[in-house]
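Observations on the model geometry
As a plain string of letters, each chain reads:
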Amino acid sequence: MKKEGYNVAVVGATGAVGREFISILQERNFPVKNIKFLASSRSAGTYLEWKGKDVMVEELKKDSFKDMEIALFSAGGGTSKKFAPYAAEAGAVVIDNSSAWRMEPDIPLVVPEVNPEDVALYKNRNIIANPNCSTIQMVVPLKPIHDKAKIKRIVVATYQATSGAGKKAMDELFEQTVSILNGKGPTEAKVFAHQIAFNALPHIDVFFDDGYTKEEWKMVNETKKIMHDDSIQVTATCVRVPVFYGHSEAVNIETEEKLTPDEVRKLLSNFPGVVVEDDPKNNVYPLAINAAGKDEVFVGRIREDFSTPNGINMWVVADNIRKGAALNAIQIAEILIEKYL
Ligand code: A2P
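Here goes a summary of the coordinates provided. (Residues numbered from 1 in each chain as written. Predicted model: local features only at pLDDT ≥ 70, side-chain atom pairs only at ≥ 80, totals over all residues. Heavy atoms only, no water.)

Observations concerning the site of the ligand
Around the ligand sit 15 residues, and of these Thr 14, Ala 16, Ser 40, Arg 42 and Ser 43 come closest. At 3.1 Å, a backbone N or O of Gly 12 approaches an oxygen atom of the ligand. Measuring from an oxygen atom of the ligand, one finds a side-chain N or O atom of Thr 14 at 2.5 Å. Taken by itself the ligand offers 570 Å² of open surface, and the protein chains cover 71% of this. When its residues are assigned to classes, the shell around the ligand shows 5 nonpolar, 8 polar and 2 charged. (Near = heavy atom within 4 Å. Polar contact = N/O pair within 3.5 Å; in protein donor to acceptor, adjacent residues only side chain to side chain. Areas by Shrake-Rupley, 256 points an atom, 1.4 Å probe, with all protein chains shown as cover. Nonpolar A, V, L, I, M, F, W, Y, C, P; charged D, E, K, R; others polar.)

A word on helix H5 (residues 167–181)
Helix length check: H5, at 15 residues, gives a terminal C-alpha distance of 21 Å against a target of 21 Å (1.5 Å per residue), a fit within 8%. Residues Ala 169, Met 170, Glu 172, Leu 173, Gln 176 and Ser 179 constitute the buried set of H5. Summarising the contacts, the buried residues of H5 are in contact with helix H1 (16–27). Taken from the residues just after H5, Gly 183 is the one with a positive phi, measuring 75°. (Helix = DSSP H or I, 4+ residues; strand = E, 2+ residues; numbered from the N terminus. Expected span 1.5 Å × (residues − 1). Buried < 20%, exposed > 50% of the residue type's maximum accessible area, 1.4 Å probe, protein only. Contact = heavy atoms within 4.5 Å.)

Things to note about the pairing of strand S4 (residues 53–59)
The pairing of strand S2 (residues 32–39) with S4 spans 3 bridges and is parallel. Along S4, the bridge assignment pairs Leu 38 with Glu 58. With 4 bridges joining them, strand S3 (residues 47–50) and S4 adopt antiparallel strand pairing. When the bridges of S4 are listed, Leu 48 appears paired with Val 55. Adjacent in sequence and paired antiparallel, S3 and S4 are bridged by 2 residues, among which Lys 51 carries a positive phi angle near 50°. (Pairing = 2+ DSSP bridges.)

Overview of the pattern of salt bridges
Where charged atoms from two side chains of opposite charge come close, those side chains can pair. The full count for this structure, using the stated rule, is 20 salt bridges. Notably, a salt bridge pairs Arg 322 with Glu 27, separated by 2.6 Å at the nearest N-O pair. Placement of the pair is Arg 322 in helix H9 (residues 322–340) and Glu 27 in helix H1, with a sequence separation of 295 residues. The exposure class of Glu 27 is partly exposed, given its relative accessible area of 49%. The partner of Glu 304 in a salt bridge is Lys 258, and the shortest N-O contact between them spans 2.9 Å. You can see Glu 304 sitting in strand S12 (residues 297–305) and its partner Lys 258 sitting in the loop between strand S10 (247–255) and helix H7 (261–269), a full 46 residues away along the chain. (Salt bridge = Lys/Arg side-chain N within 4 Å of Asp/Glu carboxyl O.)

Set out below in C-alpha cells:
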C-alpha cells in the first residue's frame, strides 16, 4: 500500500533545477512527509519556501541522508559522484539529474513515457539517472515512431536555452544583454566560452578529440540506452542560443518503414506527454517561449524529407528545466512510490 508521505531530500536546492524540483513537488502534490534542502556551504543557512513556510538550506554532508527515502540530486556531476553513494547507502533512492551515473550499465536511465519499466532496476544500486535534457525531449516523440516504423538514423541540431547551464548562465545572458543595450558593450563571458547575448555558440559541455562535444555524445549514447536499441544511428550538433527557458531541436529521422507526415501526426497526437502544434499556414509551430513553464513536449513542422526514401523532419520544443530535468525526475519518483516503495 502507498504510504502517506516520504522523506525527500533536494540536493542543489538553490539551483535552477533544484528550485523547480521544489515547486513541482508542491504543484503535483507529491506525498512528502519531511523535506530537506541541501546545497553547498555558500548557501547553508539561507531559506527556501516550502508550502508557505521557510525551510533552512543545510550544507550537503556525508551524513545528510539519515532517514531520507528519496533524494533528488541536481548539484553537478562531481557532487553526485561523491554524495549519491552516501544517500544510497543510507537507504534513500537517488534520482540524479547529472551525467555522473547515466551510462553505468547497472543504473537505469529513465524517461517515464519511454522506458518506465526500467525504474525497477533502482534496486541494483539505489540510483536512477535522469537523462540529458536534449535527449529527454527528443526520445519522447520518437518512441511511438520507433515502435511503429523502427528508426534507423537520427540527425539532430539543438537550439538550447541558457538555463540548461544553470542560474549563473542565465544571469550572464541577462547582464550581457542589458549592458549591450545600454551601449556599454558586452560584459565578460565567464560561464560561456564566448559572448552569449545576440549569438549562437556551437559548444555545449567539453570537446572530445573526435571534434564532438560531450553534450553531443550524450544524445547519441543516452538515446540508445533509453530506447534499448544500439542499432539506432544518432548524430548531433548542440548549439547554445540566447534563450532563457526552452530547448528547440530540428530532428531528422529515417525509418525502416515509410510513414507519412499525417501518420506521424496521428501517432504523436495519441502519445502521452506530446502536443502536436502543426499548422504552418497560420504560423502555428512550437516555440520556446510558449513551452516554458509547460509539462509537455511540443512537436510541429512535421514534413517529409524528400532527400531520402523514408525520411521525416520535425521541430521539437520543451521546457528544459521541467520535462528536460525536474519534471522527468519527479515523474520517475511517482512511478517509484506507486509501484516499488
Ligand atoms: P549553492 O547555491 O550553495 O552554490 P545551478 O545548476 O543553477 O548552478 O545550481 C547548482 C546547485 O548545486 C546549487 O544549489 C548549488 O548550491 C549546488 N552545489 C554546487 N556545488 C555543490 C557542492 N559542492 N555541494 C553541494 N551543493 C553544491
